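# Structural characterization, general
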Amino acid sequence: MADILVVLEQRDGVLKRVSHEVLAAGRVLADASGGQVHALAIGGPDLSGDGLGAFGADRVVVVGDDAVKLYQPELYSATVTDQVQSGEYSAVILSATAMGRDLGPRVAAKLDCPLAADVTELSSDDGIVVKRPAYSGKAIYTLRVTSSPVVIAVRPNAVAPIDGSQAGIVDTGQVASAVRAARAVTKAIKQPERHAVDVTEAAIVVSGGRGLKEPEHFSLIEDLAGAVGAAVGASRAVVDAGWRPHSEQVGQTGKTVSPNLYFAVGISGAVQHLAGMRTAKVIVAINKDPDAPIFKVADYGIVGDLFEIVPRLADEIRKIKEN
Amino acid sequence: MKIAVCVKRTPDTETRIKIASDGKSIDEAGVKFVLNPYDEYAVEEALKLKEAAGSGEVVVVSVGAASAQETIRNALAMGADRGVLLKTDAVSLDPLPTAKLLAGELKSGEYDLIFFGKLAIDDYSHAVGAMVAELLGMPAVSSVSDLTVDGSVGTAEREIEGGVEVVEFPLPAAVTAEKGLNEPRYPALRGIMMAKKKPLDVKDVTLPEGGLELVALTLPPQRQEGRIVGEGPDAVPALIDALRNEAKVL
């Protein structure tokens, strides 16, 4: 009975929400095969694996060591590979975050096994079948896994965390000893002075485009984002013009987002932008051009001058929140 | 400084995707193909490093059909010295077989650096660069938005959620390029003319078997067209009402 290994992710000793998502994905495969979900949490000495049973883990292995407080590609990939080889696993599941997108391929290469990246749906019936976007969401691949094990990177926000009832036994593991001396070493994480929620992790995103006319006018977007509790996103046009950093770009050469609510403000809706946000649950478009393609994918639209609409919207939302 | 850059031919970002009659691939009729946008940053970074070093060679390597020669010529027009096409009509949706072909080609090249785009905008796997590095046993840094090379030591900034990781590594190493790493140059007419005469070695290869079988390629479900709640700022209350009471997301 093969088990499923789920690799969790932490920042500053706190497990990220995606860790609960990958546990849910692991549960889907384990329940179909009758195996167990084993979670591997790698981080600093104070990292805790308590309470993960409720999210679907049968067993949790915590590797807490100062050497792996930050994501260290070589130490993490060797530790995950050691864990896979110490048991009988049919799949390794991680989240398609900056960490998972780097770690997944390394583990797959070490294990000489397939990698299904950026998976949005997975099931197990007669073998594991996954769906993943192609051409940045303009099409969808359905893929059958034909060898075991397989590494699966699940896109953030694609699988909802579960409320499980596993007991969740917590064990302690060790950093793979063979490679204590890594070559490439992560020295530090640099964060912008004003720490912002990343567009890929936010439940609400407010994005601005060329309709804002001037980079300074992005203060309107920031104000609305502040009022509604959202991350700020940007179209390719304004990133290429140097108004906003690339880390905020939503679209085919930027980030793919699946928030609960997406505001597209002054964004016409080029295909490359739609590719990055079409899986948002609810899309709101504000644009002066009633024929803008963005209205074709928006659930709700307001036609008109964003310079009048956006401040009013921010004010009204603030009023509601105050009450 | 000897540098390799691995590139891929991909549909342009403005492409509207149509599914071919086999239900497993895209209809390529009318599709414009380009050098994968992230690979342009990789090529530019390699050229800048070679120029800074004052000497060296930039070799462009691709896995793909005969048509990928055009893609390699684009990189040669930017200034790379020569190209290698590992020619196969087979396509793998598992990135490891592609990585194995590239690693086989690169292993005896004694490269100081191997660059990749962080991902190809068609498959979006974000995998081949790190896999090649693993197969060759060299350090790698992915999604790099800032790179400094000082002798045999590199320092890279790697984009993560809400910040960057600062990574130090020894050469030889593999680096995958994120947007923002540099501003890729446009090939000048002279470069385009010269590129036609630069060496491009075409080698027939067999793609190793992967572990993913393509069942279907389909279009995503269409979003239901929504509604315009109104015009101008007076429509704001109607929008808020819809978001709170209809969509229940606010």
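Within any chain, residue numbers begin from 1 and follow the written order of that chain's sequence. Key to labels: chains lettered from A, ligands numbered from 1, both in the order written. For a predicted model such as this one, the threshold for reporting local features is a pLDDT of at least 70, and the threshold for listing and counting side-chain atom pairs is 80 or more; totals across whole chains, interfaces and linings nevertheless cover every residue. To obtain the side-chain values, all non-hydrogen atoms of the structure were used and water was disregarded.

### Some thoughts on the overall build of chain A
As a reminder, the rule being used: For the purposes of this entry, the term helix denotes a DSSP run of H or I that reaches at least four residues, the term strand denotes a run of E that reaches at least two, and both are numbered from the N terminus. Any residue under 20% of the maximum accessible area for its type is buried, any over 50% is exposed, and the rest in between are partly exposed; the area is computed with a 1.4 Å probe on protein chains only. The contact definition used throughout considers only heavy atoms, calling two residues in contact when any of these lie within 4.5 Å. In short, Shrake-Rupley with a 1.4 Å probe defines the accessible areas, and a residue's cover is counted only from the protein chains shown. Positive charges are assigned to Lys and Arg, negative charges to Asp and Glu, while His and the chain termini are left out of the count. Note on charges: their place is set at NZ of Lys, CZ of Arg, CG of Asp or CD of Glu.
Scanning chain A from terminus to terminus reveals eight helices and 18 strands. C-alpha atoms of chain A, sized along the principal axes, occupy 60 × 45 × 40 Å. When each of the 323 residues of chain A is scored for burial, the buried share is 61%. Partitioning the intrachain contacts of chain A with sequence separation of at least 6 by distance along the chain shows that 63% fall at a separation of at least 24. Of the roughly 12100 Å² of accessible surface on chain A, 48% is carried by carbon and sulfur atoms. Charge-centre separation for chain A: the mean point of 32 positive side chains lies 5 Å from the mean point of 38 negative side chains.

### A closer look at the sheet that holds strand S12 (residues 169–172) of chain A
All names here are of chain A. Quick reminder of the rule: For two strands to be treated as a pair, DSSP must find at least two bridges joining them. Only the stretch in contact is used when fitting a helix axis, every axis being a line fitted to C-alpha atoms; angles between N-to-C directions are given from 0 to 180 degrees.
Read from one edge to the other, the open sheet built from seven strands follows the order S7-S11-S6-S1-S4-S5-S12, with strand pairing classed as parallel. Edge positions in the sheet fall to strand S7 (115–119) and S12, since each has one partner strand and no second. Averaged over all neighbouring strand pairs, the angle between strand axes comes to 20°, with direction disregarded. As paired elements, strand S4 (residues 37–43) and strand S5 (residues 59–64) share six bridges and run parallel to each other. Within S5, the residue paired with Leu 40 across the bridge is Val 61. Taken strand by strand, helix H1 (residues 17–33) contacts strand S1 (3–7), S4, strand S6 (89–95) and strand S11 (150–154), and its axis lies near 155° from that of S6.

### Some remarks on the side chain of Asn 36 of chain B
Residues and elements named next belong to chain B. Mapped onto the secondary structure, Asn 36 falls in the loop between strand S3 (33–35) and helix H1 (37–53). Asn 36 sits in the buried class, given a relative accessible area of 1%. For Asn 36, the contacting residues outside a window of four places in its chain are Lys 8, Thr 10, Leu 119, Ala 120 and Ile 121.

### Details of the pairing of S6 of chain A
All names here are of chain A. The buried count for S6 comes to seven of seven residues, which makes it a mostly enclosed element. Both S1 and S6 contribute to a ladder of four bridges, which runs parallel. Bridge assignment links Ile 4 to a residue of S6, and that residue is Ala 91. Here S6 runs beside S11; their pairing, made up of five bridges, is parallel. By the bridge assignment for S11, Ser 95 is matched with Val 154.

### Concerning the interface of chain B and chain A
Threshold: By buried area we mean the combined loss of accessible area, with a 1.4 Å probe, across both parts when two parts are placed together. The term salt bridge refers to a side-chain nitrogen of Lys or Arg lying within 4 Å of a carboxyl oxygen of Asp or Glu. Under this definition, polar contacts are N or O atom pairs within 3.5 Å; protein pairs additionally need one hydrogen-donor-capable and one acceptor-capable atom, and for neighbouring residues in sequence, both atoms have to be side-chain atoms. Under the scheme applied, nonpolar residues are Ala, Val, Leu, Ile, Met, Phe, Trp, Tyr, Cys and Pro; charged residues are Asp, Glu, Lys and Arg; polar residues are all the others, including Gly.
Opposite the 86 residues of chain B that make contact, chain A presents 96 residues. Summed over the three residues of chain B that lose the most area to chain A, namely Tyr 124, Glu 161 and Arg 223 of chain B, the buried surface amounts to 12% of that side. Our count for the contact surface shared by chain B and chain A stands at 13 salt bridges. Note that Glu 161 of chain B is salt-bridged to Arg 11 of chain A, the shortest N-O span being 4.0 Å. Summed over the shared surface of chain B and chain A, the result is 48 residue pairs in polar contact (both at pLDDT 80 or more). The residue makeup of the side of chain B that touches chain A, split by class, is 47 nonpolar, 15 polar and 24 charged. Examined bridge by bridge, strand S10 (residues 139–145) of chain A and strand S12 (residues 212–218) of chain B share six bridges and lie antiparallel to one another.

### Here's the deal with the packing of helix H4 (residues 218–228) of chain A against helix H8 (residues 306–322) of chain A
Residue and element names in this part refer to chain A. Convention followed: Any angle from 65 to 115 degrees is called roughly perpendicular, while one under 35 is roughly parallel, one over 145 is roughly antiparallel, and all others are oblique. Crossings are sorted by hand: turned counterclockwise from the far helix by less than a right angle, the near helix makes the crossing left-handed, and turned clockwise it makes it right-handed.
Orientation of H4 relative to H8, taken along the N-to-C sense of each, is 20°, at an axis distance of 9 Å. Between H4 and H8, the interaxial angle falls into the category roughly parallel. In the crossing of H4 with H8, the sense of the turn from one axis to the other is left-handed. Here Leu 220, Asp 223, Leu 224, Ala 227 and Val 228 of H4 come into contact with H8, specifically with Leu 306, Phe 307, Val 310, Pro 311, Leu 313, Ala 314, Ile 317, Arg 318 and Lys 321. Grouping the amino acids of the contact of H4 with H8 by side-chain chemistry returns 11 nonpolar, no polar and three charged.

### Notes on the packing of H8 of chain A against helix H6 (residues 236–246) of chain B
Running from N to C, H8 of chain A and H6 of chain B cross one another at 50°; their axes reach a closest spacing of 10 Å. The angle between the axes of H8 of chain A and H6 of chain B places the two elements in the oblique class. Judged by the twist between their axes, the crossing of H8 of chain A over H6 of chain B is right-handed. Across from Ile 309, Arg 312, Leu 313, Glu 316, Ile 317 and Ile 320 of chain A in H8 of chain A, the residues of H6 of chain B making contact are Val 236, Pro 237, Leu 239, Ile 240 and Arg 244 of chain B.

### Some points on helix H3 (residues 98–111) of chain A
Three or four residues apart is the spacing at which side chains of an α-helix point the same way, because the helix has 3.6 residues per turn. Just so we agree on the cut-off: The span expected for a helix works out to 1.5 Å for each residue beyond the first.
With 14 residues, H3 of chain A extends 21 Å from end C-alpha to end C-alpha; this agrees with the ideal 20 Å at 1.5 Å per step. For H3 of chain A, the buried fraction is high: 13 of the 14 residues fall into the buried class.

### What to know about unusual backbone geometry
Residue Pro 149 of chain A is bonded to the preceding Ser 148 of chain A through a cis peptide linkage, with omega at 0°. When you line up the elements, Pro 149 of chain A lands in the loop between S10 and S11. Each neighbour pair has its own omega, and for Leu 171 of chain B with Pro 172 of chain B the value is -5°, a cis peptide bond. Inspection of the secondary structure assignment puts Pro 172 of chain B in the loop between strand S9 (163–170) and strand S10 (173–177). At Asp 112 of chain A, a residue that is not glycine, the phi angle is positive and equals roughly 55°. Along the chain, Asp 112 of chain A turns up in the loop between H3 and S7.

### Some points on the domain arrangement of chain A
All names here are of chain A. Here is the rule: Domains are outlined according to an automatic or database domain assignment.
What the domain assignment lists for chain A is domain 1 (3–179) and domain 2 (204–322). Centre-to-centre, using C-alpha coordinates, domain 1 lies 33 Å away from domain 2. Listed per partner, the contact involves six residues of domain 1 and seven residues of domain 2. When the area that domain 1 buries against domain 2 is broken down by residue, the three leading residues are Ser 136, Lys 138 and Arg 155, summing to 70%. Our count for the contact surface shared by domain 1 and domain 2 stands at one residue pair in polar contact (both at pLDDT 80 or more).

### Focus: the sheet that holds strand S16 (residues 261–265) of chain A
Strands sit in the order S15(A)-S14(A)-S16(A)-S17(A)-S18(A)-S13(B) across an open sheet of six strands; the sheet is parallel. Pairing within the sheet leaves two strands with one partner each, and these edge strands are strand S15 (231–234) of chain A together with strand S13 (227–231) of chain B. Each strand axis lies, on average, 20° off the axis of its neighbour in the sheet, ignoring direction. Bridge analysis of strand S14 (residues 204–208) of chain A against S15 of chain A gives four bridges, and the strand direction is parallel. Bridge pairing in S15 of chain A links Val 206 of chain A to Val 232 of chain A. Across the sheet, H4 of chain A touches S14, S15 and S16 of chain A, and the angle it forms with S14 of chain A is around 170°.

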